[in-house]
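# Residue-level structure breakdown
Each chain, written out:
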Amino acid sequence: MAEIFWWVIFPYIAFAILILGSFYRYAFRGISWYAPSTEIFEKRWLRIGSTFFHWGIIFAFIGHVMGILIPRSFYLSIGVSDHLYHFFAILGGAIPGLMVVFGLLVMLVRKLSIPSVQVHTTFAEYYTIILLLLVAGIGTYMTIIFNTTVVAYEYRATIGPWFRSLFVFQPQYQLMSDVPFIFRLHVVLSFLLFASIPFTQLIHMFSFPGRYPFRAPQQYRARDGYKNSRP
Amino acid sequence: MRIKAQVAMVMHLDKCIGCHTCSVTCKNVWTNRPGMEYVWFNNVETRPGPGYPKEWENTDRYKGGWTLRNGRLHLRAGGPVAKLANIFYNPNMADLSDFYEPWTYDFEHLHKAPSKEHLPVARPKSTITGKYMDKPEWGPNWDDDLAGGSEVVPMDPNVRKLQEHIAMEYEKTFMMYLPRICEHCLNPSCVASCPTGALYKRDEDGIVLVDQEACRGWRFCQNGCPYHKVYYNWNTHKAEKCNFCYPRTEAGLPTICSETCVGRIRYIGVVLYDADRVKKAASVEDPKDLYEAQLSVFLDPQDPEVIERALEAGINRSWIDSAQQSPIYKMAMKWKIALPLHPEYRTLPMVWYVPPLSPIMNHLTNEHDLSADGYIPAVDQMRIPMEYLASILSADDTSVIRRVLLKMAAMRVHMRDKSVGGMDEMKKSKLLQEAGTTVEELEDMARLLAVSKYNERFVIPTGRREMDEDLHYKRGACSIEELAPPEGMVTYPFERGDTP
Ligand code: HEM
Ligand code: SF4
Ligand code: SF4
């Protein structure tokens, strides 16, 4: 039963909260949708913390796509052996992981120690950073220490197929039963993080302004707002 | 030709007394709330001085405005791709130390302090941290009237550029006031800097606004504006800026800073321009040509063809009428005595400045029988160095400043002759010739600059809401309009429809 809860019910609830919560926030709390910048108060530490963290998390995201979403058979078919894969996965996971953890630590210390930043930090922001730190810290530990000292765990045979099975609504929770505890903890905390997104400033990641390079530099708008002046 | 109307302002610096009434009324109306304590949509700075925020003119540091590379305009802080790569941390943004840490005073203490030998004091308390501040070290107009003198004046980027050493001895110093608001530029770099497209220029009147619901707080506009007139509200995490008091101008009233201006230095009116010429005007090679290029985008509101095309473009008749009586058109385009602030930023700013006259450095020895022509060299010896004014108002072209100052001096000489006499005839003087003007023009100028009344200084057509297409809808709009606006529930990220 517990298996079904953790690997079927909980993930779906988390996704449902993420999707419905984000829509709700967009539609009814739209004015609170922003990147939580504190740069106006402090720049030097932010530069280090934010830059390391964000670039790290972008690479970590790419790494997760490569490890979890892309199946093992694909790598084998293009001639990437398991050994080769793990060599690069450990290297490619360790660097972003360390960047993320380091960036988060800098951001956390900055929040605690710089008075003008500290007074404006909310509970949700501490919660976000600490949860991110847990997820990223465990993830980095798995990559660097567990994989090299205990066993180079083949998550592409268990966690990967299970995660993909969620999206076709045929959850294969049995796959998760033999996964090492530390990996399961990472997964559960990640889903908790996903469910937290609509209630924290993490929603800013959905606003990445990717259209910017393609739009006209100058923007004109008519006052009544119901018609665009430019075709 | 794509005709657009623009509300614009002229500030006649000769009349500014540096009283800050404009700043205070603006603050009370717009920025008197948490997150905006440090913000002054209107500020008046003593020049020479660092300004607000400190060194805002230092484009090497804040990287505001446009530069020309291979004949093409580029944002100085980097284009869209560079910006997206820097989105996690904006290296060029000013922080609070460049503005100041705002504070209030602990007034409660004055009421509650027990009786003691010494009078109680209200200690300064930061409105950022809520903690007492032992010693505020910078604040709004900390450097007013050259306070801080030789320590503060060299922080002025224009001063650093001056060739000759500027004297800080009391007898030789100079100063002037520079009131500043957002310029509501024709080629606004703040708009181009916004990754989300939250900033926009209004079609009807050219006012540049921030869509508070679209703004995501990426903060590139703040330093993207070379005049540093977009501000980050740390409370709402959105950018805010001067909105030209559009709720007032739409009702035909002047902005609050203009309404309350004690020196009556401000003028507001409509100008018509050709939006298709803007890019070209902003891209001329030599910065010194930018002033003339900027003038070339405006259209003569008396020209029948312009009127016809303006009507075709949907510009209301009352707006055209206003454009014809516009004090801005007279001062900036016809008489050319009002100049754009830092034209070299290539944003085509729409707040124009009449440069101030200043006392003459050397005594005029023969004042009693001074001829009109005797004022020609006087203009070159004024206390505010012409290079300094040129550095602010004409991209270092002193000939532009000289011509305006000559015109202003000629106006004074002529009006003095008219009211007290004793001058030789203006009509034949070399002064009139060098200033490139006529007696009639001087008299018109004197009227507008010195004695014009409220409705001559402010010629503002109302917002013509009756022309809005959705008025019928609004009249019958239902109480859940907020939930179900006529354009549909979710508009972003899709284009808004053309629904009436
Ligand atoms: C992909 C696009 C993203 C963009 C453009 C972006 C941008 C930003 C910006 C501009 C800030 C404000 C920094 C400041 O000035 O204080 C910020 C803060 C933050 N971001 Fe992101 N971000 C993105 C993705 C993410 C993701 C995926 C996460 C986490 C999973 C994340 C977590 C955070 C956190 C925790 C902060 C707060 C930092 C602090 O308060 O010190 N961001 N982000
Ligand atoms: S002066 Fe105003 S319109 Fe011009 S760039 Fe700055 S904020 Fe934008
Ligand atoms: S109110 Fe008028 S005179 Fe006073 S500082 Fe402002 S612009 Fe100058």
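Here the residue numbering is sequential within each chain, running from 1 through the sequence in written order. Chain labels run from A onward and ligand labels from 1 onward, assigned in the order the entries are written. Predicted model: local features are reported for residues with pLDDT of at least 70 only, side-chain atom pairs are reported and counted for 80 or more only, and whole-chain, interface and lining totals are derived from all residues. Working from all heavy atoms in the structure, the side-chain values ignore hydrogens and water.

What follows covers the coordination of the iron atom of ligand 1. Residue and element names in this part refer to chain A. Around the iron atom of ligand 1, the protein supplies His-54 (NE2) and His-204 (NE2) as donor atoms, at distances of 1.9 to 2.0 Å. Water is not among the atoms examined, so metal sites may look incomplete; donors are the N, O and S atoms within 2.8 Å of the metal, or within 3.2 Å for Na, K and Ca. Labels for metal geometry use angle windows, namely 85 to 135 degrees for all angles of a four-donor tetrahedral site, and for square planar (four donors) or octahedral (six donors) sites opposite donors over 155 degrees apart plus all others within 65 to 115; sites meeting none of these are irregular. Each of the six donor atoms bound to the iron atom of ligand 1 contributes to angles spanning 86 to 179°, and the resulting shape is octahedral. With His-54 in helix α2 (residues 44-69) and His-204 in the loop between α8 (181-196) and β1 (220-221), this pair connects stretches of sequence that are 150 residues apart. Each member of the pair, His-54 together with His-204, is buried. Elements are defined by DSSP. Helices are runs of H or I of four residues or more, strands are runs of E of two residues or more, and each kind is numbered from the N terminus. Only protein chains enter the area calculation, which uses a 1.4 Å probe; residues under 20% of their type maximum are buried, those over 50% are exposed, and those in between are partly exposed.

It helps to recall that an α-helix has 3.6 residues per turn; residues three or four apart then point in one direction. By definition here, a helix of n residues has an expected span of 1.5 Å times n minus one. Between its first and last C-alpha atoms helix α18 (residues 398-420) of chain B spans 32 Å; for 23 residues at 1.5 Å apiece the expected length is 33 Å, and the two agree. Within the span of α18(B), buried status applies to B:Val400, B:Ile401, B:Val404, B:Leu405, B:Leu406, B:Lys407, B:Met408, B:Ala409, B:Ala410, B:Met411, B:Val413 and B:His414.

In the vicinity of ligand 2, the residues found are B:Cys182, B:Glu183, B:His184, B:Cys185, B:Pro188, B:Ser189, B:Cys190, B:Val208, B:Cys225, B:Tyr227, B:Val230 and B:Lys241. Per-class residue counts for the shell around ligand 2 are eight nonpolar, two polar and two charged. Throughout, the term near means that a residue has one or more heavy atoms lying within 4 Å of the molecule or strand in question. Each residue gets one label: Ala, Val, Leu, Ile, Met, Phe, Trp, Tyr, Cys and Pro are nonpolar, Asp, Glu, Lys and Arg are charged, and the others, such as Gly, are polar.

Taken together, 21 residues sit near ligand 1, with A:Ser37, A:Thr38, A:His54, A:Lys111 and A:His204 positioned nearest. Surrounding ligand 1 is a set of residues that belongs to chains A and B. Each polar contact in these results corresponds to two N or O atoms within 3.5 Å; when the atoms are within protein, one needs to be able to donate a hydrogen and the other to accept it, and residues that are neighboring in sequence are counted only if both atoms are side-chain atoms. In the environment of ligand 1, an oxygen atom lies 2.8 Å from a nitrogen or oxygen atom belonging to the backbone of A:Thr38. Listed by contribution, the elements that provide at least two residues to the shell around ligand 1 are α2 and α4 (82-113) of chain A. Examining the composition of the shell around ligand 1, we find that four residues originate from one element, α2(A), more than from any other. Residues that form the shell around ligand 1 fall into these classes: 13 nonpolar, four polar and four charged.

Taking the numbering used here, the UniProt-annotated feature "domain: NarG-like" (unreviewed entry) corresponds to residues 4-223 of chain A. The span residues 4-223 of chain A carries 67% helix and 1% strand; its end-to-end C-alpha distance comes to 54 Å. UniProt positions are given in the numbering used here, feature names are shortened, and annotations may be inferred rather than shown by experiment.

Turning our attention to the interface of chain A and chain B. Only heavy atoms matter for contacts: two residues are in contact if any of them lie within 4.5 Å across the pair. Opposite the 46 residues of chain A that make contact, chain B presents 74 residues. A combined buried area of about 5,400 Å² lies between chain A and chain B, and 56% of that area is made up of carbon and sulfur atoms. Inspection of the region where chain A meets chain B yields 26 residue pairs in polar contact (both at pLDDT 80 or more). Within the residue set of the side of chain A that touches chain B, elements represented by two or more residues are α1 (2-28), α2, α5 (115-119) and β1 of chain A. The residue inventory of the side of chain A that touches chain B, partitioned by class, reads 22 nonpolar, 14 polar and 10 charged. Throughout, the accessible surface (probe 1.4 Å) given up by two parts as they are put together, summed over both, is called the buried area.

Let us now look at the state of the cysteines. All names here are of chain B. Cysteine sulfur atoms are paired as a disulfide whenever they come within 2.5 Å of each other. The full count for this structure, using the stated rule, is zero disulfides over all chains. Cys-221 forms no disulfide, and the closest cysteine sulfur to it belongs to Cys-194, at a distance of 6.3 Å. What makes Cys-221 buried here is its relative accessible area of 6%.

Moving on, we come to the packing of α1(A) against helix α7 (residues 159-167) of chain A. Residues and elements named next belong to chain A. Fitted lines through C-alpha atoms give the axes, limited to the stretch in contact for helices. The angle between two N-to-C directions lies from 0 to 180 degrees. Relative to each other, α1 and α7 sit at 55°, their axes nearing to 11 Å. Accordingly, the angle class assigned to the pair α1 and α7 is oblique. Considering the relative orientation of α1 and α7, their crossing is right-handed. Where α1 abuts α7, its residues Trp-7, Pro-11, Tyr-12 and Phe-15 lie against Trp-162, Phe-163, Ser-165, Leu-166 and Phe-167. Each residue belonging to the contact of α1 with α7 can be placed in one class, and the counts come to eight nonpolar, one polar and no charged. Convention used here: angles under 35 degrees read as roughly parallel, angles over 145 as roughly antiparallel, angles from 65 to 115 as roughly perpendicular, and any remaining angle as oblique. Left-handed describes a crossing in which the near helix is turned anticlockwise from the far one by less than a right angle; the clockwise case is right-handed.

All names here are of chain B. Within the span of helix α14 (residues 317-324), buried status applies to Trp-319, Ile-320, Ser-322 and Ala-323. Projected down its long axis, α14 carries its buried residues within an arc of 160°, all on one side. Those residues of α14 that are buried are in contact with β1 (3-12), β12 (266-274), α13 (304-312) and α15 (327-334). The directions from the helix axis to the C-beta atoms form the arc being described.

What follows is about the confidence of the model for chain A. The predictor's confidence in any single residue is recorded as pLDDT, a number from 0 to 100. When pLDDT is averaged along chain A, the result is 92; 97% of the residues meet or exceed 70. Counted against residues more than four places away or in other chains, residues 226-231 of chain A, with its pLDDT under 50, gives 21 contacts.

Looking now at the UniProt feature "transmembrane region" (unreviewed entry) in chain A. Under the local residue numbering, the UniProt record ascribes the feature "transmembrane region" (unreviewed entry) to residues 6-27, 48-71, 83-108, 129-153 and 181-203 of chain A. As annotated, residues 83-108 of chain A has a helix share of 100% and a strand share of 0%, and its two end C-alpha atoms lie 37 Å apart.

Moving on to the environment of B:Thr46. All names here are of chain B. Positionally, Thr-46 belongs in strand β2 (residues 43-47). A relative accessible area of 0% places Thr-46 in the buried class. Every residue in contact with Thr-46, bar those within four places of it in the chain, is listed here: Asp-143, Asp-144, Asp-145, Leu-146, Met-175, Met-176 and Tyr-177. Among the polar contacts listed, one links the side chain of Thr-46 to the side chain of Asp-144, at a separation of 3.1 Å. Among the polar contacts listed, one links the side chain of Thr-46 to the backbone nitrogen of Asp-145, at a separation of 2.9 Å.

For the rest of this paragraph, the subject is the side chain of B:Lys201. Looking at where B:Lys201 falls in the secondary structure, it is placed in strand β8 (residues 199-202). Counted charges follow a simple rule, with Lys and Arg positive, Asp and Glu negative, and His plus the chain ends left uncounted. Any carboxyl oxygen of Asp or Glu that lies within 4 Å of a side-chain nitrogen of Lys or Arg is treated as forming a salt bridge with it. For the buried B:Lys201, which has no salt bridge, the nearest side chain bearing the opposite charge is B:Asp205, at an N-O separation of 7.7 Å. Among the polar contacts made by the side chain of B:Lys201, one reaches the side chain of B:Gln6 at a distance of 2.9 Å. Aside from chain neighbours lying at most four places away, what touches B:Lys201 is A:Gln219, A:Tyr220, A:Arg221, B:Gln6, B:His184, B:Cys185, B:Leu186, B:Pro188, B:Gly206, B:Ile207, B:Val208 and B:Tyr273.

To continue, consider the nonpolar core. We call a set of buried Ala, Val, Leu, Ile, Met, Phe, Trp, Tyr and Cys residues a nonpolar core when their side-chain atoms join them within 4.5 Å. By size, the foremost hydrophobic cluster in this structure holds 162 residues, and its most contacted members are B:Tyr38, B:Leu272, B:Phe298, B:Met331, B:Trp352, B:Met426 and B:Leu431. Here this core takes 10 residues from α18(B), the largest share from any one element. Counting residues in each nonpolar core, the second largest holds 44 residues, with A:Met107, A:Leu133, A:Val135 and A:Phe191 among its members.

Paired strands, as defined in this entry, are two strands with at least two bridges between them according to DSSP. Pairing is mixed in the open sheet, where three strands are placed in the order β1(A)-β8(B)-β9(B). In this open sheet, the two strands that pair with only one neighbour each are β1 of chain A together with β9 (208-210) of chain B. When β8(B) meets β9(B), the two strands line up antiparallel, connected through three bridges. Following the sheet pairing, B:Leu199 is matched in β9(B) by B:Val210.

All names here are of chain B. The residue Arg-76 is located in the loop between β4 (72-75) and α3 (80-85) in this model. Overall, the relative accessible area of 27% leaves Arg-76 in the partly exposed class. Along the backbone, Arg-76 and Leu-449 are 373 residues apart, and their C-alpha atoms lie at a distance of 37 Å. With residues up to four places along the chain from it excluded, the contact list for Arg-76 reads Thr-59, Lys-63, Gly-64, Gly-65, Trp-66 and Thr-67.

Residues and elements named next belong to chain B. According to the stated counting rule, one finds 37 salt bridges over all chains in the structure shown. The partner of Lys-418 in a salt bridge is Glu-443, and the shortest N-O contact between them spans 3.5 Å. With Lys-418 in helix α18 and Glu-443 in helix α20 (residues 439-451), this pair connects stretches of sequence that are 25 residues apart. In this structure Lys-418 comes out as exposed when scored by relative accessible area, which is 53%. Among the charged side chains, a salt-bridge network with shared partners connects Glu-45, Arg-47, Glu-57, Asp-156 and Arg-180.

Residue and element names in this part refer to chain B. Along the polypeptide, Ala-5 turns up in strand β1. In sequence terms Ala-5 and Trp-319 are 314 residues apart; their C-alpha atoms lie 7.8 Å from each other. Excluding residues within four positions of it along the chain, Ala-5 makes contact with Asp-203, Glu-204, Asp-205, Gly-206, Val-270, Val-271, Leu-272, Tyr-273, Ile-315 and Trp-319.

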